[in-house]
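Next come the chains, spelled out residue by residue.
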Amino acid sequence: MTRFRKGDAGRWEGIDPEPYDAGGSDDPEAPFRGVSRQRLFGPEEGLDAALRYFEVEPGGWTALERHRHAHAVVVVRGRGAALVAPEVREVAPFDLVRVPPGTWHQLRAADDAPLGFLCLVDAERDRPERAGPDDVEALRADPRVAAFLRP
Ligand code: MN
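Draft legend 1. Structural view of the overall build of the protein chain. Of the regular secondary structure elements, the protein chain holds two helices and eleven strands. The order of α-helices and β-strands along the protein chain, N terminus first, is β-β-β-β-β-β-β-β-β-β-β-α-α. Based on the C-alpha atoms only, the size of the protein chain along its principal axes is roughly 50 × 35 × 30 Å. Counting the 151 residues in the protein chain, one finds 42% classified as buried. Sequence-distant contacts in the protein chain: of pairs separated by 6 or more residues, those separated by 24 or more amount to 64%. In the form shown here, the protein chain has an accessible surface area of approximately 8800 Å², with 52% of it arising from carbon and sulfur atoms. Charged side chains in the protein chain number 21 positive and 27 negative. The centres of these two groups are separated by 3 Å.

Below is the structure:
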């Protein structure tokens, strides 16, 4: 069944934004800012996968995390940057971001633009591991990554 878009890009009839952290972590201090998540397609459609739409507010960022499942990300709105350690790239609509299993990753919106992206994952997947202080310190050893990560 078609679900029509609602108003501006990034919202759909009958799909409510979910708390970003619901499936990821029990940690109320999980380090992210200004992220919404909407489930677009999933097992209800007979898929063994889920396609979600995430939108990060200007100046916001997703959690710095890794997990055994992979992500296939398609940027569709706004501007920002992606860390797929140790690579850091600026991203804009229609860029594709591949996050291999076990790779630290984070997406940031630009300070003056949101970042909207589609993210494809396995329907059954492991829970993310958040980066701890030691992980962040190790990542910062790479100057490109250090420049991407905020204090
Ligand atoms: Mn992830």
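Right, picking up where we left off after that structure.
Draft legend 2. Examining the coordination of the manganese ion more closely. Only E65 (OE), H67 (NE2), H71 (NE2) and H105 (NE2) from the protein coordinate the manganese ion, and they sit 1.9 to 2.2 Å from it. On the primary sequence, the residues serving as donors to the manganese ion are separated as E-x1-H-x3-H-x33-H. Assigned by exposure class, E65 and H67 land together as buried.

Draft legend 3. Region of interest: the packing of aromatic side chains. Summed over all chains, the structure comprises four aromatic pairs. The interplanar angle of 85° and the centroid separation of 4.7 Å between the aromatic rings of Y20 and F32 together place this pair among those described as edge-to-face. One end of the pair, Y20, is in the loop between β1 (18-19) and β2 (33-41); the other, F32, is in the loop between β1 and β2, with twelve residues separating them in the sequence. Of the residues examined, F32 reaches a relative accessible area of 28% and is grouped as partly exposed. In textbook terms, an aromatic cluster arises when at least three aromatic residues are bridged by ring pairs, as seen for Y20, F32, F54 and F117. Geometry around F148 places R108 over its ring, the cationic atom sitting 5.3 Å from the centre.

Draft legend 4. Main features of the pattern of salt bridges. All told, the structure shown has eight salt bridges when counted by the stated rule. Two residues, R37 and E18, come together in a salt bridge whose shortest N-O distance is 3.4 Å. Taken together, the residues R37 in strand β2 and E18 in strand β1 connect sequence positions 19 residues apart. R37 sits in the buried class, given a relative accessible area of 10%.

Draft legend 5. Molecular detail of the nonpolar core. Core analysis: the largest hydrophobic core is formed by 19 residues, its most contacted members being F54, V56, V91, V97, L115, F117 and C119. For this core, the secondary structure elements donating two or more residues are β3 (49-61), β5 (71-78), β6 (80-84), β8 (96-99), β9 (105-109) and β10 (115-122). At four residues, β10 tops the list of elements feeding residues into this core. Those residues in contact with V91 that lie beyond four places of it in its chain are V75, R79, G80, A81, A82, V97 and L115. Grouped together as the second largest cluster of nonpolar side chains are nine residues, L83, A131, V145 and F148 included.

Draft legend 6. Geometry of the environment of P114. Looking at where P114 falls in the secondary structure, it is placed in the loop between β9 and β10. Distance from P114 to W61, taken between C-alpha atoms, is 10.0 Å for residues 53 residues apart in sequence. When sequence neighbours within four positions are dropped, the list of residues in contact with P114 reads E55, V56, E57, P58, R77, G78, R79 and A109.

Reading the values: the criteria
Residues numbered from 1 in each chain as written. Predicted model: local features only at pLDDT ≥ 70, side-chain atom pairs only at ≥ 80, totals over all residues. Heavy atoms only, no water. Helix = DSSP H or I, 4+ residues; strand = E, 2+ residues; numbered from the N terminus. Buried < 20%, exposed > 50% of the residue type's maximum accessible area, 1.4 Å probe, protein only. Contact = heavy atoms within 4.5 Å. Areas by Shrake-Rupley, 256 points an atom, 1.4 Å probe, with all protein chains shown as cover. Lys, Arg positive; Asp, Glu negative; His and termini not counted. Charge placed at Lys NZ, Arg CZ, Asp CG, Glu CD. Donors = N, O, S within 2.8 Å, 3.2 Å for Na, K, Ca; no water. Phe/Tyr/Trp six-rings, centres within 6.5 Å; stacked < 30°, edge-to-face > 60°. Lys NZ or Arg CZ within 6 Å of the ring centre and 35° of its normal. Salt bridge = Lys/Arg side-chain N within 4 Å of Asp/Glu carboxyl O. Core = buried A, V, L, I, M, F, W, Y, C linked by side-chain atoms within 4.5 Å.

This is a description of form; function is not addressed.
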